[in-house]
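Spelled out, the chains give:
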Amino acid sequence: MKILHVEDNAPDAELAHSLFLDEWPDCQVKLVDNRDDFLAQLSTGYDLILSDFSLVNFNGLEALHLAHEKLPDVPFIFFSGTIGEERALEALRSGARDYVIKDRPRRLISAIQRALNDARLQRERRAIEAQMLRVQRLENIGMLAAGMAHDFNNVLAPILMGVPLLRSRLPGASDQRIINSIESSVERGAGLVRQ
């Protein structure tokens, strides 16, 4: 798992990183503490973004908006001591998956697990929806093809029925060759429609 951590307080960052590594020993964490570094990291793939709300030259809501522009499917969680209830609600309305107060760091792991699970379910749901759309398109194409085949058969049927009449009325050899050619072409067309 790869986590992008936006934090400008080294002890808080170390605490969070130790929690990650206790739960996910293979976890990779990239720490950034400013807007430019954060923007540079948004071009690489992450499974989760964790951010403090208040930073020296940057704030968590701005990070959230930037993250949703660049990585809309990556869950974003606030881990802050200064978020407060009003800001937490604003963050959730803006698209954050959760917020955890730094006084309760043990809740961070369950918040991350829930956010990752929700993101996975959302990806699976979108994949199923995309597959359903493909199936619907194929069904529509099949119905269109069946309708066209039916219409084409309706065009060929009178020609095929008229060939024996022409044959009896036009006994000449050159007429018969033309009639045979017409009959052969109509039968090939009917065979294509059946395929």
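Summarised in this report is the structure supplied together with it.

Conventions we followed
- Residues numbered from 1 in each chain as written.
- Predicted model: local features only at pLDDT ≥ 70, side-chain atom pairs only at ≥ 80, totals over all residues.
- Heavy atoms only, no water.
- Helix = DSSP H or I, 4+ residues; strand = E, 2+ residues; numbered from the N terminus.
- Rg over C-alpha atoms; globule rule 2.2 N^0.38 Å.
- Expected span 1.5 Å × (residues − 1).
- Bend = angle between axes of the 7 residues up to and from the residue.
- Buried < 20%, exposed > 50% of the residue type's maximum accessible area, 1.4 Å probe, protein only.
- Contact = heavy atoms within 4.5 Å.
- Polar contact = N/O pair within 3.5 Å; in protein donor to acceptor, adjacent residues only side chain to side chain.
- Pairing = 2+ DSSP bridges.
- Axes fitted to C-alpha atoms, helices over the stretch in contact; angles between N-to-C directions.
- Right-handed = clockwise from strand over helix to strand, strands pointing away.
- Salt bridge = Lys/Arg side-chain N within 4 Å of Asp/Glu carboxyl O.
- Core = buried A, V, L, I, M, F, W, Y, C linked by side-chain atoms within 4.5 Å.
- Phe/Tyr/Trp six-rings, centres within 6.5 Å; stacked < 30°, edge-to-face > 60°.

As a further point, take the overall build of the protein. Looking only at helices and strands, the protein has six helices and five strands in total. Secondary structure of the protein in N-to-C order comes out as β-α-β-α-β-α-β-α-β-α-α. The C-alpha atoms of the protein give 33 Å as radius of gyration, which overshoots the globular expectation for 195 residues (16 Å, by more than 25%). Overall size of the protein, expressed as C-alpha extent along the three principal axes, is 105 × 30 × 30 Å.

Turning next to helix H5 (residues 107-169). In this model, H5 (63 residues) spans 93 Å end to end at C-alpha, consistent with the 93 Å of a helix rising 1.5 Å per residue. Considering bend angle alone, the principal kink of H5 is centred on valine 163 and spans about 30 degrees; proline proline 164 follows within four residues of it. Taken together, the buried positions of H5 are occupied by Leu108, Ile109, Ala111, Ile112, Ala115, Ala119, Leu156 and Val163. Those residues of H5 hidden inside the fold are in contact with helix H1 (10-23), strand E3 (48-51), strand E4 (76-80), strand E5 (98-101) and helix H6 (173-194).

By the burial criterion, the buried members of helix H3 (residues 60-70) are Gly60, Leu61, Ala63, Leu64, Leu66 and Ala67. Contact partners of the buried residues in H3: helix H2 (35-41), E3, E4 and helix H4 (84-93). The opening residue of H3, the one whose side-chain oxygen lies 2.9 Å from the backbone nitrogen of leucine 61, is asparagine 59.

So, about the sheet that holds E5. Spatially, five strands are ordered E2-E1-E3-E4-E5 in an open sheet, and the strand pairing comes out parallel. Looking along the sheet, the strands with just one partner apiece sit at the ends: strand E2 (28-32) and E5. Within the sheet, the average angular offset between the axes of one strand and its neighbour, ignoring direction, is 20 degrees. With respect to the sheet, H5 is in contact with E3, E4 and E5, its orientation differing from that of E5 by roughly 170 degrees.

Our focus in this paragraph is the pairing of strand E1 (residues 2-6). Counting buried residues in E1 gives four out of five residues, a clear majority hidden from the surface. Judged from the five bridges that link them, E1 and E2 form a sheet pairing that is parallel. Bridge pairing in E2 places leucine 4 opposite lysine 30. Traced from E1 through H1 to E2, the parallel crossover comes out right-handed.

Opposite charge on two side chains allows them to pair when their charged atoms are near. Under the definition given, this model contains nine salt bridges. Lysine 102 is the salt-bridge partner of aspartate 12, the closest N and O atoms lying 2.8 Å from each other. One end of the pair, aspartate 12, is in helix H1; the other, lysine 102, is in the loop between E5 and H5, with 90 residues separating them in the sequence. Owing to a relative accessible area of 22%, aspartate 12 belongs among the partly exposed residues under this scheme. Among the residues examined, lysine 102 registers a relative accessible area of 14% and is labelled buried. The partner of lysine 102 in a salt bridge is aspartate 52, with the nearest N and O atoms 3.2 Å apart.

This brings us to the nonpolar core. If you look at the biggest cluster of nonpolar residues, it comprises 23 residues, and the most contacted ones within it are Phe38, Leu42, Ile49, Phe76 and Phe78. Within the residue set of this core, elements represented by two or more residues are E1, H3, E4 and H4. Sequence-distant contacts of phenylalanine 76, defined by excluding residues within four places in its chain, comprise Phe38, Ile49, Ser51, Gly60, Ala63, Leu64, Ala67, Ala96, Arg97 and Asp98. Within the second largest apolar cluster, 16 residues are counted, among which are Phe20, Leu48, Phe79 and Val100.

Attention now moves to the packing of aromatic side chains. Inspection of the entire model under this criterion finds three aromatic pairs. A centroid spacing of 5.7 Å and a plane angle of 50 degrees characterise the contact between phenylalanine 38 and phenylalanine 58, whose relative ring orientation is tilted. Note that phenylalanine 38 is positioned in helix H2 and phenylalanine 58 in the loop between E3 and H3, a separation of 20 residues in sequence. The class for phenylalanine 58 is buried, based on a relative accessible area of 5%. Ring geometry for phenylalanine 76 versus phenylalanine 78: centroids 5.1 Å apart, planes at 65 degrees, classification edge-to-face. A residue is classified by how much of its surface remains accessible, and phenylalanine 76, at 1% relative accessible area, is buried.

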